[in-house]
Amino acid sequence: WRSWEAAPYSTLVPSDEVTINYRHGLPVITLTLPTRNERCQFTVKPIVTTVGAFLQDVQREDKGVERAEVFATDGSKVSDATLMEVLLMNDFKLVINNTAYRVSPPVKDKLSSEHATEMEDIKSLVHRLFVALHLEDHQIRKERELLQKLDHLKEELLPLEQMKARVTDSADAKTSRLLWVGLALMSTQGGALAWLTWWVYSWDIMEPVTYFITYGSAMAFYAYFVLTKQDYIYPDAKDRQFLHYFYRKSKKQHFNVERYNKLKEDLAEGGETPRRLRQPLHLRLPIQEINDKD
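Quick summary incoming for the structure in this document. As the structure is a computational prediction, the values presented were derived from the model and not from experiment. (Residues numbered from 1 in each chain as written. Predicted model: local features only at pLDDT ≥ 70, side-chain atom pairs only at ≥ 80, totals over all residues. Heavy atoms only, no water.)

## Points about the overall build of the protein chain
Reasoning step 1: Scanning the protein chain for helices and strands turns up 8 helices and 7 strands.
Reasoning step 2: Counting only residues that meet the buried cut, the protein chain has 26% of its 294 residues in that class.
Reasoning step 3: Of the contacts made within the protein chain by residues no fewer than 6 positions apart, 59% connect residues no fewer than 24 positions apart.
Reasoning step 4: Looking at the protein chain as shown, the accessible area adds up to about 21000 Å², and 57% of this sits on carbon and sulfur atoms. (Helix = DSSP H or I, 4+ residues; strand = E, 2+ residues; numbered from the N terminus. Buried < 20%, exposed > 50% of the residue type's maximum accessible area, 1.4 Å probe, protein only. Contact = heavy atoms within 4.5 Å. Areas by Shrake-Rupley, 256 points an atom, 1.4 Å probe, with all protein chains shown as cover.)

Next up, the structure:
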């Protein structure tokens, strides 16, 4: 907010330079264009036209207009989003380049309560008609934007999917090799104990050895529980080892797991949104049409 009195105006023009007349219920603003020095009329629609749109029309009409602003009588600047209907209720100052125009809108007769209610009903009806006529275009435009976003996500996700496949294959191969190595070690241990029992020593000698081997295995399983807070179940242990290899390989290959997961979540959420847009309640279809679709 800023005061109009602080602006460097070179000219303060009387109010008759800018006139406002009503024709067919619409205000017509007549002013002198600075470059061509000729009078020009601007017909505005108070209900839908904003102050910013009116000022843009003035600048488009005369390319020599470098500055166009509107100030209230107390010196505060009027926002560009203000409707012309609100602006024309009181006097204001129109600034074009370095010239300030005092503008006094004509006083309109107050509408009767019944007429005002009728006008509000008409405005509401026009708004509903506008929504009904443009809702389908809006839905199509939003769906097109979402599909474009999904295509962009898929393009960004494609190289990550390829890298993930390579990392997954490598981690799965290492996990499988580790399982086979474990099986080979257990087989070797069983064969060694059998050889020592029947060919080298007797069962009396090997029994304490097998006992301590069993006790050591129990201690190893308990240590696994202490470290991981999980029971030693073969599928869970395999998955844990797979994730260990997967993240270690991802770090070496510079595979961003967090970015990959974020893209997958965005893709899943984006794929659900177009389906919600196509639902009858979002399209505001009549009840009969909704029943037909069901």
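Text resumes after the structure shown.
## A few points about the sheet that holds strand β3 (residues 26-33)
Reasoning step 1: Spatially, 3 strands are ordered β2-β3-β4 in an open sheet, and the strand pairing comes out antiparallel. The sheet is open, and its two borders are formed by β2 (19-23) and β4 (38-43), each paired with just one other strand. Going across the sheet, the axis of each strand differs from the next one's by a mean of 30 degrees, ignoring polarity.
Reasoning step 2: Direction of pairing for β2 relative to β3: antiparallel, over a ladder of 5 bridges. Looking across to β3, one finds that R23 is bridged to L26.
Reasoning step 3: Helix α1 (residues 51-61) rests against β3 and β4 of the sheet, and its axis sits at about 145 degrees to β4. (Pairing = 2+ DSSP bridges. Axes fitted to C-alpha atoms, helices over the stretch in contact; angles between N-to-C directions.)

## So, the packing of aromatic side chains
Reasoning step 1: Taken as a whole, this structure holds 4 aromatic pairs when the rule is applied.
Reasoning step 2: Summarising the aromatic geometry, the rings of Y211 and F212 are spaced 5.4 Å apart at their centres and angled 75 degrees between planes, so their arrangement reads as edge-to-face.
Reasoning step 3: Note on Y211: relative accessible area 52%, which makes it exposed.
Reasoning step 4: Since its relative accessible area comes to 56%, F212 is described here as exposed. (Phe/Tyr/Trp six-rings, centres within 6.5 Å; stacked < 30°, edge-to-face > 60°.)

## Re the pairing of β4
Reasoning step 1: Where β3 meets β4, 6 bridges bridge the pair, whose relative direction is antiparallel. The residue bridging I29 from the neighbouring strand is F42, located in β4.
Reasoning step 2: Linking two consecutive strands that pair antiparallel, namely β3 and β4, is a turn of 4 residues; a positive phi of about 55 degrees is found at N37 within it.

## A short note on the pattern of salt bridges
Reasoning step 1: Counted by the stated rule, this structure contains 4 salt bridges.
Reasoning step 2: Of the charged contacts in the structure, one is a salt bridge between D57 and R60, with a shortest N-O distance of 2.2 Å. In this pair, D57 and R60 are both assigned in helix α1, 3 residues apart and thus about one turn of the helix distant.
Reasoning step 3: The salt bridge partner of D80 is K77, with a shortest N-O separation of 4.0 Å. (Salt bridge = Lys/Arg side-chain N within 4 Å of Asp/Glu carboxyl O.)

## Details of helix α4 (residues 203-228)
Reasoning step 1: With 26 residues, α4 extends 37 Å between its outermost C-alpha atoms, agreeing within 8% with the 38 Å of an ideal straight helix rising 1.5 Å per residue.
Reasoning step 2: Just beyond α4, the residue with positive phi is K229, at close to 60 degrees. (Expected span 1.5 Å × (residues − 1).)

## Quick look at the nonpolar core
Reasoning step 1: Within the largest apolar cluster, 24 residues are counted, with the highest numbers of intra-cluster contacts made by L31, F54, V70, M84, F92 and L94.
Reasoning step 2: Those elements that provide at least two residues to this core are β3, β4, α1, β5 (68-72), α2 (84-87), β6 (92-96) and β7 (99-103).
Reasoning step 3: Examining the composition of this core, we find that 4 residues originate from one element, α1, more than from any other.
Reasoning step 4: The residues contacting L94, other than those within four sequence positions of it, are L31, F54, L55, E69, V70, T99, A100, Y101 and V103.
Reasoning step 5: Counting residues in each nonpolar core, the second largest holds 14 residues, with L157, V167, F246 and Y260 among its members. (Core = buried A, V, L, I, M, F, W, Y, C linked by side-chain atoms within 4.5 Å.)

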